[in-house]
Amino acid sequence: MGGLEVQLFILGNVFVIGALMSAALFHWREHRTKMKSKTKSSLQPILPPATVRHIIEKAEKEYSRTVEQTSLELRHQLHTSATSLHDQVSNLGLKMINDELGQYRSDLSIAHKETIGSMQGISKDIVEHSQELRTRLLNRQAAIELQLSRQQAELEAKFIAHSDSLDVVFQKRENDFMSKLDELEKSLLNTQQQYLDKQKELNAQLEQNTAARQEQRLEQLDTQLDDAVVAFLLETLGHNVDIGAQLPYLTETLAANKEAITKELR
Amino acid sequence: MNFSLPSSVSSPQDLTALTTDVQSYAKWLSQYSIASKAKTSYSAAHPEITPAAIELIRAASDQKSITEKQVDELIADLESFAKTAPVMTITLAAPLSVGTKKTLVDWCRTSIHPNILITFQFNSLLLGGMVLRTGSTIFDWSFRRSLLERKTRFTEVLDRV
């Protein structure tokens, strides 16, 4: 409220100074206008122009000097008023500032005290909440650790069971592999034995075939020899066979084999 | 069957030919009999048949005349004989003379079977002797077989030579 009054006072002074300067300018302008009309209307026919001109110039100089002096006085008064106003405004401002500062300090002190009280309550609440949060956190942590321990135990159990099953499978695979390996070794040995047997058999067969072929060649040679002899006998005897001369031999042969012939005829 | 085959009829082919001759004679006899019953002249000549057929027909007649019935019975006997007679095939190294063939047939019908039929064949590769076949049995008594069974003697003889 103090600041507003100071501002109103300053504005009032500015308005008063403005009004005084406007009145002075209006008065100077009115005075100049009247002087020009009096010079034109009344003095012209009386005074010579040079005198009139001299009087006018002198009057103008005087007027200018008076205006300047008045202006200086007004400036001086304005300066004095401004200085006084400034001093008063400064004093008033200082006072207002001091009052405001005091009020502010008082309010600040109260607010500080209230803040301290609130802070103490908040701090207490924070401590309690922190304690509660810590308790919850600990409970939650304990629950999580318990769950983790259970899950870890389950995982370990599963891992052990899976590991056991893998061990069983691995053992089975190993046994299968060993049995397969044994079978392969046996098969290889059998194959080798079969190969050796087959080789022996082929060697024996080769020898047998060679002997048989040799025997066959000998038989062929004998047969060819027999054929040659028979062909020779045919060539020499075949066209001169006398069955009548053979008749005793034929009847004797039939008589000797009579029983066999009779048996076959039955 | 109250006849015996002549030695000239030795094989089944001879017996078939003999039966054919008797059948032709039976046909002629039938026609002749019909003409006689009709008292008409029958100008057809007596068929040409083998002496063995004539001999057989005479043996079947009563030495005076022969009836159609007797001829038919003879044909039936010949056909039955052909079905039941034992058959034997003898292969020789050369064709037989008639005398030799007759001797062999007589000997076989005397010594082996009285109704036996023998087919004679020849094969010069036999060199001599004979090959006898009865049913599925073959008796090889040829010189060729004898030579082949003693073929080792060829080499022995050649070695000595």
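Residues numbered from 1 in each chain as written. Chains lettered and ligands numbered in written order. Predicted model: local features only at pLDDT ≥ 70, side-chain atom pairs only at ≥ 80, totals over all residues. Heavy atoms only, no water.

The partner chain B presents 35 residues to the 24 residues of chain A that form the contact. Both sides together, the interface formed by chain A and chain B hides about 2,700 Å², and carbon and sulfur atoms give 80% of it. Where chain A meets chain B, there are zero salt bridges. The tally of links between chain A and chain B comes to four residue pairs in polar contact (both at pLDDT 80 or more). Those elements that place two or more of their residues in the side of chain A that touches chain B are helix H2 (49-237), helix H3 (243-256) and helix H4 (258-265) of chain A. (Contact = heavy atoms within 4.5 Å. Buried area = accessible area lost by both parts, 1.4 Å probe. Salt bridge = Lys/Arg side-chain N within 4 Å of Asp/Glu carboxyl O. Polar contact = N/O pair within 3.5 Å; in protein donor to acceptor, adjacent residues only side chain to side chain. Helix = DSSP H or I, 4+ residues; strand = E, 2+ residues; numbered from the N terminus.)

Attention shifts here to the pattern of salt bridges. Throughout the structure, instances matching the rule amount to four salt bridges over all chains. The salt bridge involving Arg 136 of chain A is made with Glu 132 of chain A; its shortest N-O contact spans 2.8 Å. Residue Arg 136 of chain A and its partner Glu 132 of chain A are both found in helix H2; the two are separated by four residues, about one turn of the helix. Residue class for Glu 132 of chain A comes out partly exposed when judged on its relative accessible area of 36%. Close ionic contact of Arg 145 of chain B with Asp 140 of chain B constitutes a salt bridge, the shortest N to O distance being 3.3 Å. The class for Arg 145 of chain B is partly exposed, based on a relative accessible area of 34%. A residue is classified by how much of its surface remains accessible, and Asp 140 of chain B, at 29% relative accessible area, is partly exposed. (Buried < 20%, exposed > 50% of the residue type's maximum accessible area, 1.4 Å probe, protein only.)

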